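Breakdown of the fold
The chain contents come next:
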Amino acid sequence: MPSTAVIDEFDCETLFPAPSFPPSALSPQRLPGTSVQSLAAVQYVLKDNHKRWHIFLNDLKQHNHVAHRALALYALGGSGSLIREFYEQDSGEQLPPIESPEGITSTNFLDHLGDERYYQAYVTFFAQEIDEKGIPVVLEQYIFSDRFQYREGASNQPEMLSRFMLSLFHALIHVSYGVEFGLKGMVVEGLALTAVQDLSGNEYYPKHFFTEGAQGTSEVITHLVSSLMSDRSVPKITGSEADTHVFDIIARIVRDDILRVDNGPVPRIVFKQAVAEHAPRICAYAAQWTIDVTRKGEIERKMEELIWLSSAVYAIGGFDEVKGFTADFYLMHVVTSSLSLPSLITSLTPRSQALLLRAYLVAVLTWWVARGRPVLNIKPFMTSTSTRHAVPVSEGSDSSVCPSEHPNPFLPIIQTSVLHPNNHLIKIQRSLAHFSTVYGNRPAGYHKGMELADAELLDGSLFLRAASLTANYMGSREEPNSWSRRGFFP
């Protein structure tokens, strides 16, 4: 039987080598600042975290974010001393590892899903699987294959894609860090996290989702909608809707008053309510989103749509002309998780790429509903928010071309986030900076013809506006603020 003492059997040097270059031009790139000291610091943190701490912080299964912050700091050029300093800060809330009661094998793999006591055993299991098969094959087999979604007669259904996406995308994010930085240890930990993650409800992604939902043809989508919908008012796709955008999908949901939940004091319970009451209906809408994997560049186009949607839900949904901007903790994760997509798709087959994107859309829409369906008022957002980030700049001569604004507004935003004590701020600002790099030159009119009102007014400044609003909301290192958890309920 395999040992559960993963830190003895698998060399941390193999699990956490020096980070590699990003796997794709669309993956987040690195800022200058990498040094011998920062490399030593990030490897020390990753190895020590792997040895000393559990993946969960507490009985509520809140997540260990140590590796996420360390890698984000490293990618943005953070110094070795800063990486170590924040590790010491983050270590104060961690729990020690739990020795698993027994090892995990292919025979008992299903028996202990959702049980955090078996995290170390799943780490050992997935490390062995990756050694034998490689990361792409293991991802295909355990996250995207039909076999690890539903088993006839099983009392504990695998639903591995659901576990991968649920609980604020943490397993998805963890694995994607591994793919992005070439770190087998991060992939192993993320897959083990997937295995011990709870489900928020049964059949979040129904059986049809895997057998037919990835192809994106009109015939398949029509079948999915008719088989999933619980109410005839869900609009069906027609032949004229051969290329449906995510902005079309959310515009249709905006008009659907059935898709609402009651507010409650515990957001994760509200999310479970959204899943229990509306998952089939949300899947029916998501099924209308077309993905044709036979078209060249389709996956990249559809991924871009999701990135725009995620940033819009967070930034535009969080903005009110009277109340100002509210940085929502849960919708912030929608943005940071969307940064995972460019790297993760590089390890997947076309079928699994499409499954990933559609599953991600379902999760984003569910969180949007669970946070009170914040209104996407694009026009006031684009006319009332600024692309000039108000921060002190170096003194220049009176002849300076731009004396009243920073020559690159993202630089002070990144600098502030690197130093900020909140461990999520650096991740969302890194995400928005990358999206600005890739999509910031998209002009107004780029989304012309969408069903979402005023979508044609959106341009690539969305990402800078979102980053500036977030920086102002979260404050400085000396006077930090916290994310909002109130939601956007009437």
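None of these values were measured; they are calculated from a predicted model.

About the cut-offs
- Residues numbered from 1 in each chain as written.
- Predicted model: local features only at pLDDT ≥ 70, side-chain atom pairs only at ≥ 80, totals over all residues.
- Heavy atoms only, no water.
- 1 Å grid on protein atoms, 1.4 Å probe; cavity = no way out; pocket = protein on both sides within 12 Å on 5 of 7 lines; lining within 4 Å.
- Points joined across faces, edges and corners; volume = space filled by probe spheres on them.
- Helix = DSSP H or I, 4+ residues; strand = E, 2+ residues; numbered from the N terminus.
- Buried < 20%, exposed > 50% of the residue type's maximum accessible area, 1.4 Å probe, protein only.
- Salt bridge = Lys/Arg side-chain N within 4 Å of Asp/Glu carboxyl O.
- Expected span 1.5 Å × (residues − 1).
- Bend = angle between axes of the 7 residues up to and from the residue.
- Core = buried A, V, L, I, M, F, W, Y, C linked by side-chain atoms within 4.5 Å.
- Polar contact = N/O pair within 3.5 Å; in protein donor to acceptor, adjacent residues only side chain to side chain.
- Contact = heavy atoms within 4.5 Å.
- Axes fitted to C-alpha atoms, helices over the stretch in contact; angles between N-to-C directions.
- Parallel < 35°, antiparallel > 145°, perpendicular 65-115°, else oblique.
- Left-handed = near helix turned anticlockwise from the far one by under 90°.
- Phe/Tyr/Trp six-rings, centres within 6.5 Å; stacked < 30°, edge-to-face > 60°.
- Lys NZ or Arg CZ within 6 Å of the ring centre and 35° of its normal.
- Nonpolar A, V, L, I, M, F, W, Y, C, P; charged D, E, K, R; others polar.

Time to look at the layout of surface pockets. Of the pockets and cavities examined, the largest pocket occupies roughly 930 Å³. Lining the largest pocket we find 35 residues, and of these Lys-61, Gln-62, His-63, Leu-168 and Phe-329 sit closest to its centre. If you add up the space inside the second largest pocket, you get close to 490 Å³. Along the walls of the second largest pocket sit 22 residues, with Gly-317, Phe-319, Asp-320, Lys-323 and Phe-488 positioned nearest its centre.

This part is about the environment of Ala-276. Looking at the element boundaries, Ala-276 is found in helix H14 (residues 267-286). Of the residues examined, Ala-276 reaches a relative accessible area of 63% and is grouped as exposed. Separated by 73 residues in sequence, Ala-276 and Glu-203 place their C-alpha atoms 9.6 Å apart.

What follows is about the pattern of salt bridges. In total, this model carries 23 salt bridges according to the counting rule given. Note that Asp-243 and Lys-302 form a salt bridge whose closest N and O atoms lie 3.2 Å from each other. With a gap of 59 residues between them, Asp-243 in the loop between helix H12 (218-228) and helix H13 (246-254) and Lys-302 in helix H15 (residues 298-315) connect regions that are remote in the sequence. Assessed through its relative accessible area of 47%, Asp-243 is described here as partly exposed. A residue is classified by how much of its surface remains accessible, and Lys-302, at 1% relative accessible area, is buried. Between Arg-442 and Glu-304 there is a salt bridge whose closest N-O contact spans 3.0 Å.

This part covers H14. Between its first and last C-alpha atoms H14 spans 23 Å; for 20 residues at 1.5 Å apiece the expected length is 28 Å, and the helix comes up short by more than 12%. Residue His-278 marks the point of greatest curvature in H14, where the axis turns by about 75°; the proline Pro-280 follows within four residues. The buried fraction of H14 is high, at 14 of 20 residues.

Side chains that are nonpolar tend, in soluble globular proteins, to be buried together. Ranked by size, the top nonpolar core spans 156 residues in total, and within it Phe-109 and Phe-126 carry the most contacts. For this core, the element with the most residues is helix H18 (residues 350-370), which contributes 15 residues.

In the Ramachandran plot, Ser-167 falls in the positive-phi region, its phi being about 60° despite a non-glycine side chain. By secondary structure assignment, the location of Ser-167 is in the loop between helix H8 (160-165) and helix H9 (170-181). By relative accessible area, Ser-167 is classed as partly exposed at 24%. In the Ramachandran plot, Arg-373 falls in the positive-phi region, its phi being about 55° despite a non-glycine side chain. Along the polypeptide, Arg-373 turns up in the loop between H18 and helix H19 (378-384).

So, about the side chain of Thr-470. Along the chain, Thr-470 turns up in helix H22 (residues 462-474). For Thr-470, a relative accessible area of 0% translates into the label buried. Among the polar contacts listed, one links the side chain of Thr-470 to the side chain of Tyr-314, at a separation of 2.6 Å. For Thr-470, the side chain forms a polar contact with the main-chain oxygen of Ala-466, separated by 2.7 Å. When sequence neighbours within four positions are dropped, the list of residues in contact with Thr-470 reads Tyr-314, Phe-325, Leu-425, Ile-428, Gln-429 and Trp-483.

Attention shifts here to the packing of helix H4 (residues 66-75) against helix H21 (residues 425-439). Relative orientation of the contacting elements H4 and H21 amounts to 45°, with a least axis distance of 9 Å. Between H4 and H21, the crossing angle belongs to the class labelled oblique. For the pair H4 and H21, the crossing hand works out as left-handed. From H4, His-68, Ala-72, Leu-73 and Ala-75 reach across to H21, where they touch Ile-426, Lys-427 and Arg-430.

So, on to the packing of aromatic side chains. Enumeration over the complete set of coordinates arrives at 27 aromatic pairs. Considering the side-chain rings of Tyr-205 and Phe-209, the 4.9 Å spacing of their centres and the 35° angle between planes classify their relative orientation as tilted. Accessibility assignment for this pair places Tyr-205 and Phe-209 in one class, buried. Ring centres 5.6 Å apart and planes at 65° place the aromatic pair Phe-209 and Phe-210 in the edge-to-face group. On the basis of relative accessibility, which here comes to 3%, the residue Phe-209 falls in the buried class. Residue Phe-210 is classed as buried on the basis of its relative accessible area of 4%. Within the aromatic cluster, the residues linked to one another by ring pairs are Phe-109, Tyr-122, Phe-125, Phe-126, Tyr-142 and Phe-148. If you follow Arg-485 out to its NZ or CZ, it ends over the ring of Phe-329, 3.8 Å from the centre.

So, on to the environment of Phe-329. Tracing the backbone through its elements, the reader meets Phe-329 in helix H16 (residues 329-338). Exposure remark for Phe-329: the relative accessible area of 11% places this residue in the buried category. Considering only alpha carbons, one finds Phe-329 and His-424, 95 residues apart in sequence, at a separation of 9.0 Å. Apart from the residues within four sequence positions on either side, Phe-329 is in contact with Leu-168, His-424, Trp-483, Ser-484 and Arg-485.

The next thing to look at is the packing of H16 against H18. Between H16 and H18, whose axes approach to 10 Å, the crossing angle comes to 165°. Of the possible angle classes, the one that applies to H16 and H18 is roughly antiparallel. The way H16 lies across H18 gives a crossing that is left-handed. Taken together, the residues of H18 that come into contact with H16 (itself represented by Tyr-330, Leu-331, Val-334, Ser-337 and Ser-338) are Tyr-360, Val-364, Trp-367 and Trp-368. Residues of the contact of H16 with H18, tallied by class, amount to seven nonpolar, two polar and no charged.

On to H16, then. Burial analysis of H16 places 10 of its 10 residues in the buried class, which makes it a mostly covered element. Of the positions making up H16, those classed as buried are Phe-329, Tyr-330, Leu-331, Met-332, His-333, Val-334, Val-335, Thr-336, Ser-337 and Ser-338. Where H16 is buried, its residues contact H9, H14, H15, helix H17 (341-344), H18 and H21. With a side-chain oxygen positioned 3.0 Å from the backbone nitrogen of Tyr-330, the residue opening H16 is Asp-328.

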